[in-house]
Structures are given as C-alpha cells and as structure tokens.
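Each chain, letter by letter, is given below.
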Amino acid sequence: MRPQHRGCVATIGNFDGVHRGHQAILARLRERGAELGLPTCVVIFEPQPREFFAPQTAPARITRLRDKLALLAAEGVDRVLCLSFNRRLRELSASQFVHEVMVEGLGVKHLEVGDDFRFGCDRAGDFAFLEQAGVREGFSVEAASTVQLDGARVSSTRVREALAEADFALAERLLGRPFRIVGRVLHGQKLGRQLNAPTANVQLKRKRVPLTGVYLVSAEIDGQPWPGVANIGVRPSVAGDGSAHLEVHLLDFAGDLYGRRLMVAFHHKLRDEQRFASLEALKTAIAADIAAARAHWQGQPLT
Ligand SMILES: Cc1cc2nc3c(=O)[nH]c(=O)nc-3n(C[C@H](O)[C@H](O)[C@H](O)COP(=O)(O)O)c2cc1C
Ligand SMILES: Nc1ncnc2c1ncn2[C@@H]1O[C@H](COP(=O)(O)OP(=O)(O)OP(=O)(O)O)[C@@H](O)[C@H]1O
C-alpha cells in the first residue's frame, strides 16, 4: 500500500447487488468521509466467502464484479479494495484482520458497518469487538441502522429470492433500480435464424445466474427501451457446455448488435426453460413466446 493511499473511511462486505441496504451504508460512509476529509473505501472479497467455503451451494451472484464496481462508483465510493479470499485470509483472526488490513494497510480512521455485521475467522468480529478494536487502534466505528422494506430487512438473499420468483417489482424496490443484466453481444451458434427468432447472445461471463426461464424483457438501444423476449439458462434442447446463456430476441429489430454492450431489463416471466425433443418443437414454443410478448407489449409503451 502506497503512503498516499493511507487514511480513509471504510466499510466491508460482499455488496452483491448494491441494494438499498448497501446504499444506505454507502451514504453514511460518504457523509463520514466528507466530515473527516478522507476518501471512502469499500473492502470486498473475491471470491465471496461462501463461494470459497461451498462453491457448489453458494448462491449465484446478482451482480458480476464489473457491475458491482460500476455501481459502487455511482454511489460515490472513491476506492475499492478487493481482497482475494484464500486460505491465508480465512485463517486471520478478527484482530489480525483489523490490524493488518484495516489499520496497517488502509489506515482506516472510521469504519461503517451494518448492525448485524460479523466477520473474521468463525465470524468472531461483531460490532462490540470492532468498537474495542477501534479504541485500541485509533478509529471510530458506527453501526448503520437496518434498512427494511415491508417489515423485513433488505438483503442480497431477499433480492435473489425475488428474482427466483420473478417478482421484478419487488426486486426493483429492494435494489432501488430495475434488475438488469449487462453484457456484450457475441456470435452464437446461429441457430436462432433457423428457429425464426434471431437472438442477441449476451455474454454472461459466469457459470450460474440467479434466474432461469423465458421472460418479457426490454433492451436499451440508443438510449431507448426496445421490447423483446429472452431465454436465460443452459438451453437444454441445444448441445452446449452446460453454462448459462442469455438469448434476447428483440421484436421487429433488424439492426446489427454484434460487439455492442446490451443492457437487458426483466419484466415478467412467461415460462420455465424446457428440454424440447426436436428443434421443430422448440421453434413452435419460441413462436408462442414471441406471440405472447407481442400481445403484452401491444399498446403498452415502455418507460
Ligand atoms: C423466446 C425464447 C425461448 C427459448 N426457450 C428455450 C427453451 O425452453 N429451451 C431451450 O433449450 N432453449 C430455449 N431457447 C434458446 C434457444 O435454444 C437458443 O436461442 C437457440 O439455440 C439460438 O441460439 P444461437 O443464436 O446461439 O444459435 C429459447 C430462446 C428464445 C429466444
Ligand atoms: N438492509 C440493510 N440495512 C443496513 N445495512 C445493511 C443491510 N444489508 C446489508 N447491510 C450491511 O452492508 C454491508 C455489506 O453487507 P453484505 O453484502 O455482506 O450482506 P447482505 O446484503 O445482508 O447479504 P446476504 O443476504 O448475502 O447476507 C454489511 O455491513 C451489512 O451489515
């Protein structure tokens, strides 16, 4: 760590989704930074601790690292320290973590955490622990009060549940913005044309996603939302590598999207992804999806 990087106000966590609870913490952090004349720093982990301990059962990410960094920057975060979560890090005691990373590394002067925040080996670092460590090491600690929605805490887990249930209105209220997936349009297997549904194949850069199925979507084209229908999942009817794909068919769209970054917003679930016995059966199902999308979007201006 360079000397000019020392001295900051900081917070720690996964920040998956950068939801309204996270946004409240980040707002407090900005205020503290302004008061103390110090930059704001968010400490995150890659992989996230649950992905390190249980890669098979850890939940799919709401936001990829790249999107998370962009969302944190938009919340006025000056710096992000992304720590590799590995054996060495997991074996640090809570006191060692505070001393080595937060004090020696970052020169933290103020730490902002959620009131239920715990960290370190065996999750021993709770708020009382942090307060004591702060007195010893010379930084203040504040617990931001819990942000609730409809009587329950806002959390990444709750956002994932809303996405799995295709409750996009709830996901939007928890996130403070519509749920979107952003990615570059890649060349696919070009089967779409045979299926009478040319699709933009949006690069996901991850094996697992927090939702699968066929959805009414819109994609931003030159700043305007364009209605469409999309499949997100492993495409069981088509031979593949088992990783997730997002295939978007925009209604009556004729332009070339290859290489562009597409921002896809999800509105409504039409059905689960299915394994069809033939391409013909898949084609019929996709035609029905497109008809349903047309009926839905007809006369319904997108905002
Ligand atoms: C509206 C829509 C629904 C789809 N539903 C399924 C499905 O239920 N099962 C499946 O295996 N693939 C489904 N697909 C994915 C197609 O298999 C995929 O888009 C097709 O293979 C074209 O891919 P390509 O352009 O990469 O060749 C769907 C695609 C669209 C656009
Ligand atoms: N609703 C909330 N209100 C206030 N603080 C929150 C809220 N949700 C998370 N935080 C705080 O934000 C920081 C980062 O949280 P983190 O992403 O690790 O947890 P989370 O959103 O609760 O996710 P999960 O559902 O996976 O536990 C922590 O300090 C946490 O306490």
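Computed from a predicted structure; not experimentally measured.

A. Broad picture of the packing of aromatic side chains. By the definition in use, this model includes 10 aromatic pairs. Ring geometry for Phe179 against Phe266: centres 5.6 Å apart, planes inclined by 45°, an arrangement best described as tilted. With a gap of 87 residues between them, Phe179 in the loop between helix H8 (168–175) and strand S8 (180–186) and Phe266 in strand S13 (residues 261–271) connect regions that are remote in the sequence. Residue Phe179 is classed as buried on the basis of its relative accessible area, which comes to 4%. Of the residues examined, Phe266 reaches a relative accessible area of 5% and is grouped as buried.

B. Layout of the site of ligand 1. Within the structure, ligand 1 sits among 22 residues, and Lys190, Leu191, Ser237, Arg271 and Gln274 are positioned closest to it. At 3.0 Å from an oxygen atom of ligand 1 is found a side-chain nitrogen or oxygen belonging to Glu247. Relative to its unbound accessible area of 620 Å², ligand 1 is 99% covered by the protein chains. Elements with a contribution of two residues or more to the shell around ligand 1: strand S11 (224–233) and helix H9 (279–297). Examining the composition of the shell around ligand 1, we find that 3 residues originate from one element, H9, more than from any other. For the shell around ligand 1, a count of residues per class yields 9 nonpolar, 7 polar and 6 charged.

C. Focus on the pattern of salt bridges. This model, assessed by the stated rule, comprises 19 salt bridges. The shortest N-O distance in the salt bridge between Arg64 and Asp67 comes to 3.6 Å. Residue Arg64 is classed as buried on the basis of its relative accessible area of 13%. Linking Glu247 and Arg235 is a salt bridge whose minimum nitrogen-to-oxygen distance equals 2.5 Å. Note that Glu247 is positioned in strand S12 (residues 245–250) and Arg235 in the loop between S11 and S12, a separation of 12 residues in sequence. Arg235 shares its class with Glu247; the two are buried. Three or more residues are tied together by salt bridges with common partners; here these are Arg28, Glu31, Arg32, Glu35 and Glu142.

D. Up close: the state of the cysteines. Applying the stated rule across the entire model yields 0 disulfides. Here Cys8 is not disulfide-linked; the sulfur of Cys41 is the nearest cysteine sulfur, at 4.7 Å. Cys41 provides the cysteine sulfur closest to Cys82, a residue in no disulfide bond, and the two sulfurs are 11 Å apart. Relative accessible area serves as the criterion here: at 35%, Cys82 is assigned to the partly exposed category.

E. Expanded view of the UniProt feature "domain: Riboflavin kinase" (unreviewed entry) in the protein chain. According to UniProt, the feature "domain: Riboflavin kinase" (unreviewed entry) maps to residues 174–298 in the numbering used here. Structurally, residues 174–298 is divided into 17% helix and 37% strand, and its ends, taken at the C-alpha atoms, are 28 Å apart.

F. Here's a closer look at a positive patch on the surface. There is a patch of like positive charges on the surface, built from Arg66, Arg184, Lys205 and Arg261. By the secondary structure assignment, Arg261 is in strand S13.

G. Examining helix H3 (residues 65–74) more closely. For H3, the set of buried residues is Asp67, Lys68 and Leu72. With its buried residues spanning 135° around the axis, H3 presents them on a single face. Buried residues along H3 sit against helix H1 (20–36), strand S2 (40–46), strand S3 (79–84) and S8. Downstream of H3 by a residue or two, Gly76 has a phi angle that is positive, lying close to 85°.

H. Structural context of the site of ligand 2. Around ligand 2 lies a shell of 20 residues, among which His19, His22, Val147, Val154 and Thr157 are the nearest. The contact in question runs from an oxygen atom of ligand 2 to an N or O atom on the side chain of His19, over 2.7 Å. Within the side chain of Arg153, a nitrogen or oxygen atom sits 3.0 Å from an oxygen atom of ligand 2. Burial of ligand 2 by the protein chains amounts to 87% of its free accessible area of 610 Å². Element by element, the count of residues in the shell around ligand 2 is highest for H1, at 3 residues.

Thresholds, definitions, all that
- Residues numbered from 1 in each chain as written.
- Chains lettered and ligands numbered in written order.
- Predicted model: local features only at pLDDT ≥ 70, side-chain atom pairs only at ≥ 80, totals over all residues.
- Heavy atoms only, no water.
- Phe/Tyr/Trp six-rings, centres within 6.5 Å; stacked < 30°, edge-to-face > 60°.
- Helix = DSSP H or I, 4+ residues; strand = E, 2+ residues; numbered from the N terminus.
- Buried < 20%, exposed > 50% of the residue type's maximum accessible area, 1.4 Å probe, protein only.
- Near = heavy atom within 4 Å.
- Polar contact = N/O pair within 3.5 Å; in protein donor to acceptor, adjacent residues only side chain to side chain.
- Areas by Shrake-Rupley, 256 points an atom, 1.4 Å probe, with all protein chains shown as cover.
- Nonpolar A, V, L, I, M, F, W, Y, C, P; charged D, E, K, R; others polar.
- Salt bridge = Lys/Arg side-chain N within 4 Å of Asp/Glu carboxyl O.
- Disulfide = S-S within 2.5 Å.
- UniProt positions renumbered as here; feature names shortened; annotations may be inferred.
- Patch = residues over 30% accessible without salt bridge, like charges linked within 9 Å, V, L, I, M, F, W, Y side chains within 5 Å.
- Lys, Arg positive; Asp, Glu negative; His and termini not counted.
- Charge placed at Lys NZ, Arg CZ, Asp CG, Glu CD.
- Arc of directions from axis to C-beta.
- Contact = heavy atoms within 4.5 Å.

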